[in-house]
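Overview (structure and organization)
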Amino acid sequence: MRSGEQPLPSGQKTALAAPEDRSAEGDDSALPVGERAELQRQGAKAAARGEPPARNPLQRPQNLPKATGESQQTWSQRSDAWQQGHDAQSRGPHHATADPAGEDDQERE
């Protein structure tokens, strides 16, 4: 146990999500921030390896809501997060948020 942590109440198997891991704006139906970020990271890594969007692991039969028991909404959010990461990586650095100190300044000189 880290300093400042309190023991879990008896019978509770896992700790509650840290505030930064909870969904935005108190929307209980949204994915936790940490899970969304991890799925986006995995999608980006797949794109960097050259995998096509159709390789989204959430599209595999064993990961569909019918097989996992999760809600269609949760599955859709997870699949979308992976796709967003893949898309962001596929667009490359020139489509990312503009960096005022980046290459654009060099082109103007």
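Structure first, text after, so check above.
Sequence order as written defines residue numbering, which begins from 1 separately in each chain. The model is predicted, so local features are restricted to residues of pLDDT at least 70 and side-chain atom pairs to those at 80 or more, both for listing and for counting; the totals for chains, interfaces and linings are taken over all residues. Only hydrogens and water are removed before side-chain values are computed, so all heavy atoms of the structure are retained for them.

**Some remarks on the packing of helix 1 (residues 33-48) against helix 3 (residues 72-91)**
Each pair of packed helices gets described by two things: the angle between the helix axes and the distance between those axes. In this description, a line fitted to the C-alpha atoms serves as the axis of each element, helices being fitted only across the stretch in contact, and the angle between N-to-C directions of two axes falls anywhere from 0 to 180 degrees. Helix and strand assignments follow DSSP, with helices taken as H or I runs no shorter than four residues and strands as E runs no shorter than two, numbered in order from the N terminus. The N-to-C vectors of helix 1 and helix 3 enclose an angle of 45°; their axes lie 7 Å apart at closest approach. Taken together, the axes of helix 1 and helix 3 lie oblique to each other. Pair helix 1 / helix 3 crosses with right-handed handedness. Residues Glu35, Arg36, Leu39, Gln40, Gln42, Gly43, Ala44, Ala46, Ala47 and Ala48 of helix 1 lie in contact with helix 3, whose contacting residues are Gln77, Arg78, Ala81, Trp82, Gln84, Gly85, His86, Gln89 and Ser90. With respect to orientation, any angle under 35 degrees is reported as roughly parallel, any angle over 145 as roughly antiparallel, any angle of 65 to 115 as roughly perpendicular, and every other angle as oblique. With the far helix as reference, a near helix turned anticlockwise by less than a right angle produces a left-handed crossing, and one turned clockwise produces a right-handed crossing. Between two residues, a contact is recorded if the distance between any of their heavy atoms is within 4.5 Å.

**A closer look at helix 3**
Residue pairs spaced three or four apart in an α-helix point in one direction, given the helix's 3.6 residues per turn. Expected helix span is computed as 1.5 Å times (number of residues minus one). A rise of 1.5 Å per residue sets the reference length of helix 3, with its 20 residues, at 28 Å; its end C-alpha atoms lie 28 Å apart and thus fit the reference within 8%. Trp75, Gln77, Ser79, Ala81, Trp82, Gly85 and His86 are the residues of helix 3 that are buried. Each element contacted by the buried residues of helix 3 is listed here: helix 1 and helix 2 (65-68). Immediately downstream of helix 3, the backbone of Gly92 shows phi near 85°, a positive value. Each residue's exposure class comes from its accessible area (1.4 Å probe, protein chains only) as a fraction of the maximum for that residue type: buried when under 20%, exposed when over 50%, partly exposed otherwise.

**Quick look at the pattern of salt bridges**
Opposite charge on two side chains allows them to pair when their charged atoms are near. Throughout this description, the term salt bridge denotes a Lys or Arg side-chain nitrogen within 4 Å of a carboxyl oxygen of Asp or Glu. Applying the stated rule across the entire model yields four salt bridges. The partner of Glu35 in a salt bridge is Arg78, with the nearest N and O atoms 2.8 Å apart. Separated by 43 residues along the polypeptide, Glu35 in helix 1 and Arg78 in helix 3 bring together distant segments of the chain. With relative accessibility at 29%, the residue Glu35 sits in the partly exposed group. Among the residues examined, Arg78 registers a relative accessible area of 22% and is labelled partly exposed. For Arg78, the salt bridge is made with Glu70, and the minimal N-O distance between the two is 3.5 Å. Within this structure, Glu35, Glu70 and Arg78 form a network of salt bridges that share partners.

**A short note on helix 1**
An ideal rise of 1.5 Å per residue puts 22 Å on 16 residues; helix 1 measures up with 22 Å between its terminal C-alpha atoms. For helix 1, every residue scored as buried is listed here: Leu39, Gly43, Ala44, Ala46 and Ala47. Summarising the axial view, the buried residues of helix 1 lie within an arc of 160°, below the 170-degree limit, and thus occupy one face. Looking at the packing, one finds that the buried side of helix 1 touches helix 3. The arc in question is formed by the directions pointing from the helix axis toward the C-beta atoms.

**A short note on the environment of Lys45**
Structurally, Lys45 can be placed in helix 1. Taking the relative accessible area as the measure of exposure, Lys45 reaches 44% and is therefore partly exposed.

Functional significance is not addressed by these values, which are geometric in nature.
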